[in-house]
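Per-entry structural report
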Amino acid sequence: MHLLLGHSGDSCCTGVLARLAARGLPARIVASPLAPPACVAWRLADDGLTSRLDLGDDPAEIAGVLVRGTAWFDPAGWAPGDHAYMQAEMLAATLAWLAGLPCPVINRPSAALWYGGRASLLTWRPLLRRCGLPVPEQLITNDPAEARAFRRRLVADGVAGAVYAPLTGEARYLVATDAAWEGLADLQERSPVCLSEPHGAAHPACIVGGKIVWDDEAPPESRALAPRLRQLAAATRLDFLEVVIARLRRGLGVVMVEPMPVLEHFTAPARARILDALTALLAPFAAEPEALR
Amino acid sequence: MILVCGGLADRVTELVCARLQHCGYPYRLLDLARYPAGYRVAWRWTDAGPAGTIAGPDWALDLDALTGVYVRFLGPEGRLPPQGDPEAAAALQFEADAGLVALLENLPCPVVNRIGGGMSNNSKPFQALLLRRAGLKVPTTLVTSDPAAARAFHAEYGEVIYKSASGIRSIVRRLGPAQQARLAFLRHGPAQFQAFVPGRNVRVHTVGDAVFATRIETEAVDYRYAHLDGLNVAMTAVTLPAAVKAACLRAARDLDLLFAGIDLKETPDGEYVCFEVNPCPGFIYYERHTGQQISAALADLLNGTAPAAWRATRQATN
């Protein structure tokens, strides 16, 4: 039995589920594997670690796990404080359970990944730098004069605006007009802001195991980054990683790292290649269905 | 120059500042009760690490000049009341903190502690796996939502404690008859049980390569809460066996913690069993009871000074 830990609507989960089914391998999508009605017993002792998970209707051994989400605990019937506690307990138990599984787990999370939430590009910078991957210039400041100096540097390089990218959200705003820069200065009165140099069209690449799946529209020269991307994936200890590459002022660079790749960022043929690679990684010894040969 | 990020109302931050002052090590306090109000920051990332400045009410420092950073984030109760719309103020505060965390993650100097290092403390059983890998013995642990498994565990070990698997409501309690009667509720979600380990508590603080061990003797199951039961606590500085000391240092290094508080128990057989690692230890309690120079070692680490050199400086100052 393969477990796909994630939302039932997640396209990675559904795509891998269909491929496993085509290979005759039992699999199921679960949002929270340890939540009722599941019954878990995880035991760590001097003689080693044992764990047993009974999902209620299928006693089969777990052959592999794809991690696409954390363990969400249904709040129904719980007081808010108790629910927060139970949610924290479920996350803690699930992380330990995943860490101790002897089968393939894609992506087996670290505590930092499990609890850290969505990490901004700034968080990935030291690792990207170590792997020799270029990154855009970024600035955090609450000093309007520093923001203006950043604007002047960009203008000098022929770039008309900067990107205001809050570290705690996913929205991105192009700051290009005088009014927009004034609005930014107002915001700086309350909090430092994170500015980035703008980039050209974004092209995602997906690293699955040692294989890199390029988006079909990626510029050919981006493929020269392949060894460094593999090095990045190895450094993160993740089997499944999305990296977005784009043209910066001084050449191609990485503008986003996503440890929970989004299939929808890719063209349909690339999606299929990603799902095939994921399935092969999860069930390496399963024969491909005849129709796919 | 050392940067201390914390609140002066926080006793641990206050002690760190006092120790730096006493050692004559230059430092600046970034008061997290107020930050970002009253501070000017400009941190720029190009192809290298971050460069730039932090300016406080009457000082400015260059990131290149930093020898070390000590950070102790505050809860909402430690912050000044927000101005204006509380929701917007909270979002802006969150954004300001995220920027500071990003800076700390990127700085090349020692940071006590980077936030990622402390994440394993949110899952005690996960952390137990890491501690075991570092060479520390951990208590026999069961995480289960199966009442029968919990009963069997209790029958096997006789004396069992339970505590949260996460960092929330983390009080250790014995599994007594009242709790055994409620084991059926485990079906709502897993809980963590451990075979009771008899012996004396030992708290270890690792500061870089320095190790300070304190033996704690009390009748309480959880000595941190002994006062709640009206019980006394006695503390003594002790020397750990070399293998245990090395494993503690390895665990701190594996968890990326330059400063860690490690909870051990010394059993009657002379074994040391590790319960958990605290990434933000409030070490005052131990330093005051034993006179161990924990804060001095921390000051050395932040200043980039070898302990021997620090001792010589202190003797000269005295």
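Scoring rules and cut-offs
Residues numbered from 1 in each chain as written. Chains lettered and ligands numbered in written order. Predicted model: local features only at pLDDT ≥ 70, side-chain atom pairs only at ≥ 80, totals over all residues. Helix = DSSP H or I, 4+ residues; strand = E, 2+ residues; numbered from the N terminus. Rg over C-alpha atoms; globule rule 2.2 N^0.38 Å. Axes fitted to C-alpha atoms, helices over the stretch in contact; angles between N-to-C directions. Parallel < 35°, antiparallel > 145°, perpendicular 65-115°, else oblique. Contact = placed C-beta atoms within 7 Å. Nonpolar A, V, L, I, M, F, W, Y, C, P; charged D, E, K, R; others polar. Pairing = 2+ DSSP bridges. Buried ≥ 20, exposed ≤ 12 C-beta atoms within 10 Å, placed from the backbone. Right-handed = clockwise from strand over helix to strand, strands pointing away. Expected span 1.5 Å × (residues − 1). Domains from an automatic or database assignment. Core = buried A, V, L, I, M, F, W, Y, C linked by C-beta atoms within 7 Å.

1. Let's talk about the overall build of chain B
- Along its length, chain B carries 9 helices and 16 strands.
- Taking 20 Å as the expected radius of gyration for a compact globule of 318 residues, we find that chain B reaches 22 Å, a close match to that expectation.
- Projected onto its principal axes, the C-alpha positions of chain B cover 65 × 55 × 40 Å.

2. A short note on the packing of helix H1 (residues 11–23) of chain B against helix H8 (residues 294–303) of chain B
All names here are of chain B.
- Between H1 and H8, the least distance of the axes is 9 Å, while the angle of their chain directions is 70°. Our classification of the angle between H1 and H8 gives roughly perpendicular. In this structure, H1 contributes Leu15, Val16, Arg19, Leu20 and Cys23 to the contact, and H8 contributes Ser295, Ala296, Leu298 and Ala299.

3. Concerning the interface of chain A and chain B
- Taken together, the 48 residues of chain A in the interface contact 47 residues of chain B.
- The set of elements that each furnish at least two residues to the side of chain A that touches chain B consists of strand E3 (39–45), helix H2 (80–100), helix H3 (111–116), helix H4 (121–130) and strand E7 (138–141) of chain A.
- Considering each element in turn, the side of chain A that touches chain B owes the most residues, 12 residues, to H2(A).
- Of the residues that constitute the side of chain A that touches chain B, the class distribution is 32 nonpolar, 9 polar and 7 charged.
- With 4 bridges joining them, E7(A) and strand E3 (residues 40–45) of chain B adopt antiparallel strand pairing.

4. Examining the sheet that holds strand E11 (residues 203–208) of chain A
All names here are of chain A.
- Spatial strand order, E12-E11-E13-E14: 4 strands in an open sheet with antiparallel pairing. Of all strands in the sheet, those with a lone pairing partner are strand E12 (211–214) and strand E14 (251–258), marking the two edges. Looking at each pair of strands side by side, their axes are set apart by 30° on average, direction ignored.
- As defined by bridge partners, E11 adjoins strand E13 (residues 240–248) across 6 bridges and the pair is classed as antiparallel. What sits directly across from Cys206, in E13, is Glu242.

5. Remarks on the packing of H4(A) against helix H2 (residues 86–106) of chain B
- Relative orientation of the contacting elements H4(A) and H2(B) amounts to 5°, with a least axis distance of 9 Å. Comparing the axis directions of H4(A) and H2(B) gives the class roughly parallel. In this structure, H4(A) uses A:Leu122, A:Thr123, A:Arg125 and A:Pro126 to contact H2(B), whose residues at the interface are B:Ala102, B:Glu105 and B:Asn106.
- In terms of residue class, the contact of H4(A) with H2(B) is made up of 3 nonpolar, 2 polar and 2 charged.

6. Some remarks on the pairing of strand E2 (residues 27–31) of chain B
- With respect to burial, E2(B) is a largely interior element, 4 of its 5 residues being buried.
- Taken together, strand E1 (residues 2–6) of chain B, H1(B) and E2(B) form a β-α-β motif whose crossover is right-handed.

7. A few points about unusual backbone geometry
- Cis geometry marks the peptide bond from A:Pro36 to A:Pro37, where omega comes out at 10°.
- Here A:Pro37 is to be found in the loop between strand E2 (27–30) and E3.
- In this structure, B:Asn113 follows B:Val112 across a cis peptide bond, with omega equal to -10°.
- At B:Asp256, a residue that is not glycine, the phi angle is positive and equals roughly 60°.
- Counting through the fold element by element, B:Asp256 comes out in the loop between helix H6 (242–254) and strand E15 (259–266).

8. Description of H2(B)
- The end-to-end C-alpha distance of H2(B), which contains 21 residues, comes to 30 Å, matching closely the 30 Å that a straight helix rising 1.5 Å per residue would cover.
- Where the residues of H2(B) are buried, they touch H4, E7 and strand E10 (193–196) of chain A together with E1, E3 and strand E4 (50–55) of chain B.

9. Digging into the domain arrangement of chain A
- Taken as a whole, chain A is organised into domain 1 (2–109), domain 2 (121–132 + 201–258 + 278–292) and domain 3 (138–196).
- Placing the centre of domain 1 of chain A and that of domain 3 of chain A at their C-alpha centroids yields a distance of 42 Å.

10. Details of the pairing of strand E12 (residues 200–207) of chain B
All names here are of chain B.
- When you tally the buried positions in E12, you get 7 out of 8 residues, the bulk of the element.
- Across 8 bridges, the pairing between E12 and E15 is antiparallel. From the neighbouring strand, Val207 faces E15, where its bridge partner is Phe259.
- The pairing of E12 with strand E13 (residues 210–218) spans 7 bridges and is antiparallel. Within E13, the residue paired with Arg203 across the bridge is Thr214.
- Adjacent in sequence and paired antiparallel, E12 and E13 are bridged by 2 residues, among which Gly208 carries a positive phi angle near 60°.

11. Some thoughts on the environment of A:Val208
All names here are of chain A.
- Within the secondary structure layout, Val208 lies in strand E11.
- Spatially, the C-alpha atom of Val208 lies 12 Å from that of Arg237, the residues being 29 residues apart in sequence.
- What Val208 contacts, discounting residues up to four positions off in sequence, is Val213, Asp239, Phe240, Ile274, Ala277, Leu278 and Leu281.

12. Re the environment of A:Gly210
- One can find A:Gly210 in the loop between E11 and E12.
- Its 11 C-beta neighbours within 10 Å are what place A:Gly210 among the exposed residues.

13. Some details on the nonpolar core
- Core analysis: the biggest nonpolar cluster contains 176 residues, and A:Val16, A:Leu66, A:Ile274, A:Leu278, B:Val4, B:Val112 and B:Leu298 have the highest contact counts within it.
- By residue number, the principal contributor to this core is H2(A), which donates 11 residues.
- Dropping the residues within four chain positions of it, A:Leu66 is found in contact with A:Leu4, A:Leu5, A:Cys13, A:Val16, A:Ile106, A:Leu278 and A:Leu282.

14. Quick word on the sheet that holds strand E14 (residues 233–238) of chain B
All names here are of chain B.
- Here we have 5 strands laid out as an open sheet, ordered E14-E13-E12-E15-E16, and antiparallel in their pairing. A single partner strand is all that each edge strand has here, and the edge strands are E14 and strand E16 (272–278). This sheet shows a mean twist of 25° between the axes of neighbouring strands, independent of strand direction.
- Bridge analysis of E13 against E14 gives 6 bridges, and the strand direction is antiparallel.

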